[in-house]
Amino acid sequence: MEAPVGQKSQKLHEFALASVSDLAPSSSSSDVASSSPPAIARFGADCGIPELRFNMECASGAVVNVDLRTAKLFKLGPVSSVCIFRASDISKEKYSRGVTIRFRSEEDSTAFHYAFEQLKKDCVIQEAQLANGAPSASKCKFDDKIEPSSAKMYFHYYGQLLHQQNMLQDYVRTGTYYAAVIENRADFFGRVVVDVGAGSGILSLFAAQAGAKHVYAVEASEMAEYARKLIAGNPALSQRITVVKGKVEEVELPEKADILISEPMGTLLVNERMLESYVIARDRFLVPNGKMFPTVGRIHMAPFSDEYLFVEIANKALFWQQQNYYGVDLTALHGSAFQGYFSQPVVDAFDPRFLVAPSISHVIDFTKVEEEDLYEIDVPLRFIASVGTRVHGLACWFDVLFNGSTVQRWLTTAPGAPTTHWYQLRCVLSQPIYVMAGQEITGRLRMVAHDAQSYTIYLTLSAKMWGPGAEQGGILQTSSCKLDLKEPYYRMSQPQAYALAQDQQPNQLIQTQDIPIQSQDLDDIELLAQPSPSSGAQLNTLNG
Ligand SMILES: C[S@@+](CC[C@H](N)C(=O)[O-])C[C@H]1O[C@@H](n2cnc3c(N)ncnc32)[C@H](O)[C@@H]1O
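Residues numbered from 1 in each chain as written. Predicted model: local features only at pLDDT ≥ 70, side-chain atom pairs only at ≥ 80, totals over all residues. Heavy atoms only, no water.

Caption draft 1: Representation of the site of the ligand. The local shell around the ligand holds 23 residues, among which Arg 173, Gly 197, Glu 219, Val 248 and Glu 249 are the closest. Here a nitrogen atom of the ligand sits 3.2 Å away from a polar atom, N or O, in the main chain of Ala 220. In the environment of the ligand, a nitrogen atom lies 3.0 Å from a nitrogen or oxygen atom belonging to the backbone of Val 248. Out of a free accessible area of 590 Å², the ligand has 100% covered by protein chains. Elements supplying a minimum of two residues to the shell around the ligand: α4 (148-158), α5 (161-168), α8 (202-209) and α11 (274-285). Here the shell around the ligand gets three residues from one element, more than from any other, and that element is α4. (Near = heavy atom within 4 Å. Polar contact = N/O pair within 3.5 Å; in protein donor to acceptor, adjacent residues only side chain to side chain. Areas by Shrake-Rupley, 256 points an atom, 1.4 Å probe, with all protein chains shown as cover. Helix = DSSP H or I, 4+ residues; strand = E, 2+ residues; numbered from the N terminus.)

Caption draft 2: Spatial organisation of the side chain of Asp 195. With respect to the helices and strands, Asp 195 occurs in strand β9 (residues 192-196). Buried and unpaired, Asp 195 has no salt bridge, with Arg 173 as the nearest side chain of opposite charge at 9.0 Å. At 2.7 Å, the side chain of Asp 195 forms a polar contact with the side chain of Ser 204. Those residues in contact with Asp 195, other than ones at most four positions away along the chain, are Leu 203, Ser 204, Val 215, Tyr 216, Ala 217, Val 218, Ile 261 and Ser 262. (Buried < 20%, exposed > 50% of the residue type's maximum accessible area, 1.4 Å probe, protein only. Lys, Arg positive; Asp, Glu negative; His and termini not counted. Salt bridge = Lys/Arg side-chain N within 4 Å of Asp/Glu carboxyl O. Contact = heavy atoms within 4.5 Å.)

Caption draft 3: Here's a closer look at the pattern of salt bridges. Counting across every chain of the model gives 29 salt bridges. Glu 372 is the partner of Lys 141 in a salt bridge, and the nearest nitrogen-oxygen pair spans 3.4 Å. Of this pair, Lys 141 sits in helix α3 (residues 141-145) while Glu 372 sits in the loop between β16 (360-365) and β17 (376-384), and the two are 231 residues apart along the sequence. The class for Lys 141 is partly exposed, based on a relative accessible area of 37%. The shortest N-O distance in the salt bridge between Lys 368 and Asp 365 comes to 3.4 Å. Classification of Asp 365 by relative accessible area gives partly exposed; the value is 24%. Overlapping salt bridges, with partners in common, bring together Lys 141, Lys 145, Arg 273, Glu 276, Glu 371 and Glu 372 in one network.

Caption draft 4: Structural context of a nonpolar patch on the surface. A contiguous nonpolar patch, built from Phe 319, Tyr 325, Tyr 326 and Val 328 and spanning about 450 Å² of accessible area, is present on the exposed surface. Mapped onto the elements of the fold, Phe 319 is located in the loop between α12 (307-316) and α13 (334-342). Take Phe 319: its relative accessible area is 38%, and that puts it in the partly exposed class. (Patch = residues over 30% accessible without salt bridge, like charges linked within 9 Å, V, L, I, M, F, W, Y side chains within 5 Å.)

Caption draft 5: Fine view of the nonpolar core. Counting residues in each nonpolar core, the largest one holds 101 residues, and the members touching the most others are Leu 269 and Val 270. Looking at which domains feed residues into this core, each of domain 2 (155-263) and domain 3 (297-490) gives three or more. When near neighbours in sequence (up to four residues on either side) are disregarded, Val 270 contacts Leu 275, Ile 299, Ile 364, Ile 377, Met 447, Tyr 455 and Leu 485. (Core = buried A, V, L, I, M, F, W, Y, C linked by side-chain atoms within 4.5 Å. Domains from an automatic or database assignment.)

Caption draft 6: A look at the sheet that holds strand β13 (residues 286-293). If you trace the five strands from one edge of the open sheet to the other, you get β11-β10-β9-β12-β13, paired in parallel fashion. Every interior strand has two partners, whereas the edge strands, β11 (241-245) and β13, have only one. Strand-to-strand twist in this sheet, taken as the mean axis angle between neighbours without regard to direction, amounts to 25 degrees. Of the pairings in the sheet, the one linking β9 to strand β10 (residues 214-219) comprises five bridges and is parallel in character. By the bridge assignment for β10, Val 193 is matched with Val 215. The strands that helix α9 (residues 223-232) touches are β10 and β11; relative to β11, the one it contacts most, it runs at about 170 degrees. (Pairing = 2+ DSSP bridges. Axes fitted to C-alpha atoms, helices over the stretch in contact; angles between N-to-C directions.)

Caption draft 7: Looking closely at the pairing of β10. Here β10 lies mainly inside the structure; six of its six residues are buried. Every second residue of β10 is oriented toward a common face, with His 214, Tyr 216 and Val 218 on one face and Val 215, Ala 217 and Glu 219 on the other, all of them buried. Between the parallel elements β9 and β10, the chain passes through α8 in a crossover that is right-handed. Here β10 runs beside β11; their pairing, made up of five bridges, is parallel. Of the residues in β11, the one forming a bridge with Ala 217 is Val 243. (Right-handed = clockwise from strand over helix to strand, strands pointing away.)

Structure, rendered in structure tokens:
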């Protein structure tokens, strides 16, 4: 195998210079007086990116790394040149930067210019290779915003068959995708399809079954190899599917797509931040007015009351109330432990009767949303309580629409609907609020993306003054919490079977589960077919 462009050149090109100085007059730290030891310029490749490194060797020991793909070199005189390139500051803002180079001799100058032009040429060849389908080694948008250790774990996880199997065995999910594709054959027949994050390749195979002209199955993890195998094992379809290993942010495809198919949904729709990759794929590969399957996503929210869940979480911190734990007083950490448990969103399937108001929703149109819009999602909340109760927090779930030309199909993760591997998610307040029937509950749900492919959630719920004589618009109680979507509490480990309760209509299904009693305080509470707390096992950390 041929060495990567930059590596090939690394040893060949090291230049001792008379001096290097920053073009910007203010940056005196990197200026080099001619009396200083000679500076060094070295061509090489770091992580496959062809680069030129100036080792200033001044008192500050400054190093300037130049991405050769963005660099231009101009001759100012027989022994001096200027190199202009793209740089970025700590906040990742891009700007142009320049260094003035003084060579020790005219020969050095000529050799340096020659080396520079040779490597620039190599960059062009490398880019041409990329255009033929090889993944880029360059830093891409994904790498810019995601912590490398998070990405490594993420793709390691999806590189394992057992996790792909977990998704394939969610028959609500996979069956809905199958139906959406096959019922909307007209959208796939004779079309070019890109499968964004193909995993095992299942959606590519569905698209090929529906008559796609060609499917590009883009997958960044090692699962790409398994997808190749699976697709090759289906020879009637394999001729029309190409697996492209790499991130959708960086691979190049030979043609545009008429339709994108993907399963980018995480817990609460947005966890894993894969929606951003779906949107980037849209902008990179989809023809104008092309279709997207799924087309639209909605996050649904409603306040809930679940005394049992609240006590269960609060009880977890009781351990830290011991004053004589092998002679040690643990109480100093009780507050932190209490906050810690309430910062975990709870993932389980709950009974919809825990909801205390009709839900509201936040819509994300995948065909229109900008990638940056997903960095921060801010939803104002307003509900009218249908019962007088204690509100313990906000329950959330999502659905997505496949807006086919023949059939519109929804995939829902709502409470009461058949359980999916996403379950539902609840943000539990450490300080519940009391409401009366008819009382207004207001608040805000703010989700801020972080570089570990998830979100920090800020939730505030307030109960407004209510009843005759109340000061209109006045707030009675407010409660807030901050949660990390990356660290959920998986309260149950397996989807539970559904059964009809005696007092339920067939369209109001509830789950029947055992209810382990944890607290004496709960004796008087009416327990409504509650989900059983998990054994503590956290089977799935990702829920795509
Ligand atoms: C939720 S799984 C869906 C897999 C498959 N499409 C299915 O429906 O069974 C998402 C897949 O997308 C891949 N993926 C996530 N982000 C990606 C990206 N930026 N580029 C390419 N693949 C990505 C993951 O490795 C994972 O296999």
